[in-house]
Amino acid sequence: MILFANMVVEYAALILAGACLGYLHFWWKERHLRAARSAQQQTTLDAARREAEAILREARLTANEEALNLRQQTEQSFSGKRAELQEAEQKLVKREHALNCRMEDLSREEMRLAELKDEYRRQTDILRHQQTDLEELRERCGKELGEIAQLSASEARARLLKQIEQEVHQEAANLAHRIIEDARVRAEDKAREIISLAIQRYAGEHTFETTTATLQLQGDDIKGRIIGREGRNIRAFEAATGITVLIDDTPNAVVLSGFDPVRREIAREAMQRLIQDGRIHPTRIEEIVARVSQEMDETIVHAGEEAVMKAGVAPMHQEIVRLLGRLKFRHSFSQNILNHSVEVAHLMGLMAGELGLDVESAKRAGLLHDIGKAVNHEVEGTHAIVGAEIVRRCGESDAVVNGVASHHDEVPHVGLLGILVSAADAISASRPGARSETMTTYIKRVEDLERIGLSFPGVEKCYAVQAGRELRVIIQPDQITDDEAYLLARNIARKIENDLQYPGQIRITVTRETRCIEFAK
C-alpha cells in the first residue's frame, strides 16, 4: 500500500515535471515562431515598401513623360494656332487693302458721278432757259408772221412749230452724235488698252497645223496589197475604221476620206503601220486598228491634260479632259481648235487681270468655250449651248457656264466673262496666220460686202479694201447730209453683222464730198 502510494507520488511528480517541460518547450517554440513571424513580417514590409517606392518612382517618371508630351503637344497646337492666326492676319490685311482700293475706286466713281450730275443739272438749266427763249421767240414770231403774212394765229403757229421741230431734231441729232462719239472714243480707248496689253503679254505661235488624210507610198505596188484579193483587205479596213479608202491613179498616194477627224487619224496611223509592217490581211488589220484605237484614247486624254496644264488652271473633270483632247484633231478654218482654246484661255486670264476679275474662272471659260465642237452630230444644238450643258454637268461654276453659252450672243450675258470670251475668241481667230481662207471664200466675202454697201439709197460707189477688212462707201452729197452719213455707216455695220460671217472686225468708212464747179468766161 505504501509502495503503491510512493509509485503514485513518483508518477505524479513525473507527470508534473513532464508538464512543466512541455509547457517550457511550447513557450520556447511559440516565442521562436513569434520571432520568425515578426522577422518575416518585417521582410515583407520592407519588400512592400521597396515595391511601393519603385511604383511611385515609375509613376513619377510616367507622369513626367506624359507632362512632357502634353507640353510638346500644347506647344505644337499653339504653333499651329499661331501660324493660322498669322495667315488669317495676312488675309485680313490683303482683304483690307483690297477693300481700301475698292473704296478709293468707289470714291473716284462717286466724284465722277457727282460731276456728271452737276453737268446734267447745268445742261438741264440751259435747256430750260433755251425752252423759255424759244417760247418767247415763238410768240414774237407768231405776231410778226401774223402781221406780215396776214395769216391766222393757228396757221402761223403750225408753221412756226414745224420750223422749230426741224431745228430741234437737228440739234438733237448733233447732240446724240457728239455723245455717241465721246462714249465710243472712251470705250474704244479703254478696250484698245486692255486688248493691246493682253496681246503684247501673250506671245503665241503664229503658225497652224493641218491634219492630212493623204498617205505617201514608196511605190505603187503596195496599192494592190492594200486592196487585197477581190478587195477583201480594203473592205476589212473600211469596216474596222469607218473611213473610206480612195485609191486612184495618183502616183504613190492613198487618200483616206471621212468626216470624223479622230477616226481619220486612227485610220491614217493604222494604214501607216500596216504599210511599214508589210503584213496586210483582215486579221492583221483588225489587230492594228484595235491597238491604234486604244493608243488614241490614251493620246486624247494626254492631250487634254496637257492643255489644262498649259492653260494654268486647276484639274478638271475627266470627261472635260477627254473632250478637250478630242479638239486636238479638229480644225476651224485650218486653225487647230485645241491650240485656239489654250490661246483664248491665256488671253482671258490677261484681260481678266486687267479688269480685276477672277482670273481662274476667266481661264476656265476661255479654255472650255469651244468644247461643244468635240461632240458628234448625235447631240443637237449649237456648240456654245452644248458646251455650256457639258461644263454645267461636270460641276463648273455658273459664271463659267454662262461665259461658254453666251460667247456667241445666243443667250444673255450674266457678268463680263461671256463678253471677254467673245473678244478673246475674235483676237485669237483674227491674228495673222491663225486661219487661212480660200480664194473663192475671200472673193465671195468681198462681193457680199460691196453688195451690202450698194443696197442703201444715196450710195454712189462702194469698195472693199484691206483684204476685206475695210469697206469704203462714197455717198451722193445732194441726197445724204453729214449727220445722215453717220447713221448710214452705223446701219451698214449692223447689216454686215447680221448677214455675213467673218473673222475679226470690218471697218466702214463713209465719205461725203461736195464739189463746186464754176466756169469763168
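What you see is a predicted model; the values in this text were computed from it and never measured. (Residues numbered from 1 in each chain as written. Predicted model: local features only at pLDDT ≥ 70, side-chain atom pairs only at ≥ 80, totals over all residues. Heavy atoms only, no water.)

Engineer: So what about the overall build of the chain? Which residues, and what values?
Structural biologist: A tally of regular secondary structure across the chain gives 14 helices and eight strands. Within the chain, contacts between residues at least 6 apart in sequence are counted, and of these 59% link residues at least 24 apart. Carbon and sulfur atoms make up 54% of the accessible area of the chain, which amounts to about 35,700 Å² in all. (Helix = DSSP H or I, 4+ residues; strand = E, 2+ residues; numbered from the N terminus. Contact = heavy atoms within 4.5 Å. Areas by Shrake-Rupley, 256 points an atom, 1.4 Å probe, with all protein chains shown as cover.)

Engineer: Before we move on, can you summarise the nonpolar core with the specific residues and values?
Structural biologist: The biggest cluster of nonpolar side chains holds 40 residues, and the ones touching the most others in it are M316, I320, L324, M348, L367 and L368. Sorting the residues of this core by element identifies helix 6 (282-311), helix 7 (318-326), helix 8 (337-355), helix 9 (359-368), helix 10 (383-393), helix 11 (398-405) and helix 12 (417-430) as the ones contributing at least two each. The element contributing the most residues to this core is helix 8, with nine residues. Dropping the residues within four chain positions of it, M348 is found in contact with A362, K363, G366, L417, L420, V421 and A424. (Core = buried A, V, L, I, M, F, W, Y, C linked by side-chain atoms within 4.5 Å. Buried < 20%, exposed > 50% of the residue type's maximum accessible area, 1.4 Å probe, protein only.)

Engineer: Go over helix 11 with me, naming the residues and quoting the values.
Structural biologist: Burial runs high along helix 11: six of the eight residues are buried. Considered for burial, the residues of helix 11 that qualify are V400, V401, N402, G403, V404 and A405.

Engineer: Give me the lowdown on the confidence of the model for the chain, citing residues and values where you can.
Structural biologist: On average, the chain scores 79 in pLDDT, and the residues at 70 or more come to 85%. Across the chain, the secondary-structure element scoring lowest on mean pLDDT is helix 2 (residues 153-201), at 65, and the one scoring highest is strand 7 (residues 470-475), at 90. Confidence drops under a pLDDT of 50 for residues 199-203, and excluding neighbours within four residues, the segment shows eight contacts in the predicted structure. Low pLDDT (under 50) marks residues 205-212, which in the prediction has 19 contacts with non-local residues, meaning those over four places away or in another chain. (pLDDT = per-residue confidence, 0-100.)

Engineer: Quick rundown of the environment of L274? Include the residues and the values.
Structural biologist: Within the fold, L274 resides in helix 5 (residues 261-277). C-alpha separation for the pair L274 and R284, spaced ten residues apart in sequence, amounts to 8.1 Å. When neighbours within four sequence positions are excluded, L274 is seen to be in contact with F237, R279, I280, R284, I285 and I288.

Engineer: Any details on the side chain of R364? Residues and values, ideally.
Structural biologist: Position of R364 among the secondary structure elements: in helix 9. Judged by relative accessible area, R364 falls into the buried class, the value being 11%. A polar contact is formed between the side chain of R364 and the backbone oxygen of A314, at a distance of 3.3 Å. (Polar contact = N/O pair within 3.5 Å; in protein donor to acceptor, adjacent residues only side chain to side chain.)

Engineer: Before we move on, could you go through the side chain of K363 and cite the residues and values that matter?
Structural biologist: Within the secondary structure, K363 is located in helix 9. One buried charged residue, K363, remains without a salt bridge, the closest side chain of opposite sign being E360 at 6.6 Å. For K363, the residues in contact, after removing those within four places along its chain, are A311, G312, V313, A345, M348 and G349. (Lys, Arg positive; Asp, Glu negative; His and termini not counted. Salt bridge = Lys/Arg side-chain N within 4 Å of Asp/Glu carboxyl O.)

Engineer: Please give an account of the packing of helix 5 against helix 6 that cites residues and values.
Structural biologist: Between helix 5 and helix 6, whose axes approach to 9 Å, the crossing angle comes to 130°. With respect to each other, helix 5 and helix 6 are oriented oblique. Handedness of the crossing formed by helix 5 with helix 6: right-handed. Residues V262, E265, I266, E269, A270, R273, L274 and D277 of helix 5 form the contact with helix 6, whose own contacting residues are R284, I285, I288, V289, R291, V292, S293, E295, M296 and I300. A breakdown of the residues in the contact of helix 5 with helix 6 according to their chemical character gives ten nonpolar, one polar and seven charged. (Axes fitted to C-alpha atoms, helices over the stretch in contact; angles between N-to-C directions. Parallel < 35°, antiparallel > 145°, perpendicular 65-115°, else oblique. Left-handed = near helix turned anticlockwise from the far one by under 90°. Nonpolar A, V, L, I, M, F, W, Y, C, P; charged D, E, K, R; others polar.)

Engineer: Lay out the sheet that holds strand 7 with the relevant residues and their values.
Structural biologist: The strand order across the open sheet formed by three strands is 6-7-8, and the pairing between neighbours is mixed. A strand with exactly one partner marks an edge of an open sheet, and here the two such strands are strand 6 (459-465) and strand 8 (507-512). Sheet twist, expressed as the mean angle between neighbouring strand axes with direction ignored, is 20°. Bridge count for strand 7 against strand 8 is six bridges, and the pairing is parallel. (Pairing = 2+ DSSP bridges.)

Engineer: Account for the pattern of salt bridges, with residues named and values stated.
Structural biologist: Overall, the coordinates contain 23 salt bridges when judged by the stated rule. Linking E87 and K91 is a salt bridge whose minimum nitrogen-to-oxygen distance equals 3.8 Å. In this pair, E87 and K91 are both assigned in helix 1 (residues 2-148), four residues apart and thus about one turn of the helix distant. Exposure remark for E87: the relative accessible area of 43% places this residue in the partly exposed category. The salt bridge involving E269 is made with R268; its shortest N-O contact spans 3.7 Å.

Engineer: Which residues make up helix 5, and what values go with them?
Structural biologist: End to end, helix 5 covers 24 Å across 17 residues, agreeing with the expected 24 Å (1.5 Å per residue, within 8%). Listed in full, the buried residues belonging to helix 5 are P261, V262, R264, E265, I266, A267, R268, A270, M271 and L274. In the stretch just after helix 5, G278 is the one whose phi turns positive, near 90°. (Expected span 1.5 Å × (residues − 1).)

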